[in-house]
Amino acid sequence: MKKFFWGVATSSFQIEGHIENDFTEWEREGKFKKSGLDPVYANGANHWLMWKEDFDLLEKLGVNAYRFSLEWARIQPEPDKFSEAALDQYDKMIDYLLEKKIEPFLTLHHFTHPEWFHKISPWHDENSIEVFYRYVEKIFSRFKDRVKFWITFNEPLVWVMAGYGEGNFPPGIKNLEMMMIALSNILEAHKNIYDLIKSTSKESKIGIAKHFIVFKRERDWFLLDKAVRNRINQFFNKMIPDAFVTNKLIANFPTLLKFEKEIELNNKIDFWGVNYYYRLYTKFRLSLDNPFHFYTKHPETDTGWEIYPKGILKILKMISNYGKPIIVTENGIAINNEEVRKKFLKKHLKFVFKALKHNIDVRGYFYWSLLDNYEWLYGKSKRFGLVFVDYENNFKRIPKESYNFYRELIQSYSEKYKKLEREKEAR
Ligand code: IFM
């Protein structure tokens, strides 16, 4: 019987604290404020000091997997220097998870970089591929005996759009051509890392956690809305998975962007990580500069997103066409109302289970996130956690109602999953 992974996801910078990297540098230099934003990091959720307590919470939650990332700036504070102390702590963390029979899913890149990175080898520079590879070699040699699930990049397209499209993440560049070059270098890096891991650890599974959005056209009868929807959907949801079939990264937005690059990606992925949160509407707009308009129509969460549970099934169906196993690597909601979070979980899991019934090869579900944390441009104002973090009171952890609710869901769905798998095997 295939194992189903029940988990929660986090990322290092969003929870750890006690670190200097490209994001803290931006905050210190007031660069967020220049674009009207003022996130305050203030040691995230203090996880670097409280990880043991947090991992005990994982155990009580009843998960059998945990997705997290390593903080690059902590491990490689200077281009030629690796910190053994940082690696030692991550060692202990991984051992503690394994002791508790919790499978580590390790993300190698989740948005942040050492401060030196953008200065000497930013992602639009080809050298970045080698620089990141050297970092990953170090990580891999250290943890390969214990980590079997690797996520090379978290939401690579979202990151390049923020860093090179909007320019509101470091390195803060606004240039669509450079955005695509950076993305193609990231995918080259993925390919090399895939080969590196597979060359010594064939049994390892390697994926990308990709953000997917359901796009709906505003006016069903209007062909230009349909065209706009299809272009946006192709770019955001399909461009990267397509490249793993065709060996071509292609972006084509008339009047805005045309890019094509060959990358030998065919089959260089073992599973697709699905990060799913919401639906957006799309519309044709009479504008030569940018006719592609997309927006939220029903803002319901604290991040202004629509809650659209059926969307997770649509995305799972769509990505299943690429023929690889799927893991829901993120799904969650920022809200202070626990009734809404519980309903969110219940409804999304109902559709994940429906996908399993339709024989879609889903192998896991990770709620985002274990703890309230630093939500990038929003700072600490948005709370995605199953566990409340009292920032004013020594970062005290207080499990929310949804924490217990998720534990119960895991228990009942594990039974349903076993039954379904037995039925499938008997057929
Ligand atoms: O917090 C983020 C995470 O870092 C990446 N995926 C989306 C989450 C919620 O916005």
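To keep things clear, this report deals only with the structure shown in the data block. Keep in mind it's a predicted model, so treat the numbers as computed, not measured. Starting afresh in each chain, residues are numbered from 1 along the sequence in its written order. Local features in this predicted model are restricted to residues of pLDDT 70 or higher, and side-chain atom pairs are both shown and tallied only at a pLDDT of 80 or more, whereas totals for entire chains, interfaces and linings draw on every residue. Derived side-chain values reflect all non-hydrogen atoms in the structure, with water molecules and hydrogen atoms excluded from consideration.

### Focus: unusual backbone geometry
Formally: We count a stretch as a helix when DSSP gives it H or I for four or more residues in a row; a strand needs E for two or more, and each element gets its number in order from the N terminus. The buried label goes to any residue with under 20% of its type's maximum accessible area, the exposed label to any with over 50%, and the partly exposed label to all in between, with areas taken from a 1.4 Å probe on protein chains only.
Cis geometry marks the peptide bond from Pro170 to Pro171, where omega comes out at 15°. Among the structural elements, Pro171 can be located in the loop between helix H9 (156–166) and helix H10 (176–200). A cis amide bond links Trp368 with the next residue in sequence, Ser369, at an omega value of 20°. One non-glycine residue with positive phi stands out, namely Asn394, at about 55°. Along the polypeptide, Asn394 turns up in the loop between strand S12 (387–390) and strand S13 (396–399). A residue is classified by how much of its surface remains accessible, and Asn394, at 65% relative accessible area, is exposed.

### Description of the environment of Ser204
What counts, and what does not: We call two residues in contact whenever any of their non-hydrogen atoms come within 4.5 Å of each other.
Assignment of secondary structure puts Ser204 in the loop between H10 and strand S5 (205–217). Given the relative accessible area of 0%, Ser204 is considered buried. With near-sequence residues (within four places) excluded, Ser204 lies in contact with Val147, Lys148, Trp150, Ile197, Lys198 and Asp270.

### Examining helix H13 (residues 338–357)
As a reminder of what qualifies: Expected helix span is taken as 1.5 Å per residue step, with the number of steps being one fewer than the number of residues.
Here H13 is 20 residues long and its end C-alpha atoms lie 29 Å apart, about the 28 Å a rise of 1.5 Å per residue gives. Looking at the buried positions of H13, the neighbouring elements they touch are strand S1 (5–9), strand S8 (271–284), helix H12 (310–320), strand S11 (362–368) and helix H14 (401–426). Positioned one or two residues after H13, Asn359 has a phi angle of 65°, which is positive.

### What about the site of the ligand?
Going by this rule: For this description, a residue counts as near a given molecule or strand if any of its non-hydrogen atoms is within 4 Å of it. Polar contact criterion, stated in full: a pair of N or O atoms within 3.5 Å, where within protein one must be able to donate a hydrogen and the other to accept it, and residues adjacent in sequence count only if both atoms are side-chain atoms. All accessible areas in this document rest on Shrake-Rupley with a 1.4 Å probe, and a residue is counted as covered only by the protein chains that are shown. Only Asp, Glu, Lys and Arg are considered charged, only Ala, Val, Leu, Ile, Met, Phe, Trp, Tyr, Cys and Pro nonpolar, and every remaining residue, Gly among them, polar.
Neighbouring residues of the ligand: Gln14, His110, Asn154, Glu155, Tyr277, Trp305, Glu330, Trp368, Glu375, Trp376 and Phe384. In this structure, a nitrogen atom belonging to the ligand sits 2.7 Å away from a side-chain N or O atom of Glu155. One nitrogen or oxygen atom from the side chain of Trp368 is found 3.4 Å from an oxygen atom belonging to the ligand. For the ligand, whose free accessible area comes to 280 Å², the fraction covered by protein is 95%. Partitioned by chemical class, the residues of the shell around the ligand number 5 nonpolar, 3 polar and 3 charged.

### Describing the packing of helix H4 (residues 47–61) against helix H6 (residues 84–99)
Rule in force here: To define axes, lines are fitted to C-alpha atoms, for helices over the stretch in contact only, and angles between the resulting N-to-C directions are given on a 0 to 180 degree scale. In these notes the angle categories are as follows: under 35 degrees is roughly parallel, over 145 is roughly antiparallel, 65 to 115 is roughly perpendicular, and the rest is oblique.
Between H4 and H6, the least distance of the axes is 10 Å, while the angle of their chain directions is 10°. With respect to H6, the axis of H4 lies roughly parallel. Contacts from His47, Trp48, Trp51, Lys52, Phe55, Asp56 and Leu58 of H4 reach H6 at Ala86, Gln89, Tyr90, Lys92, Met93, Tyr96 and Leu97. Taken together, the residues that form the contact of H4 with H6 break down as 9 nonpolar, 2 polar and 3 charged.

### Observations concerning H12
For H12, the set of buried residues is Gly311, Ile312, Leu313, Ile315, Leu316, Met318 and Ile319. The inward-facing, buried residues of H12 abut S5, helix H11 (223–246), S8, strand S10 (326–330), H13 and S11.

By themselves, these figures tell us nothing about what the structure is for.
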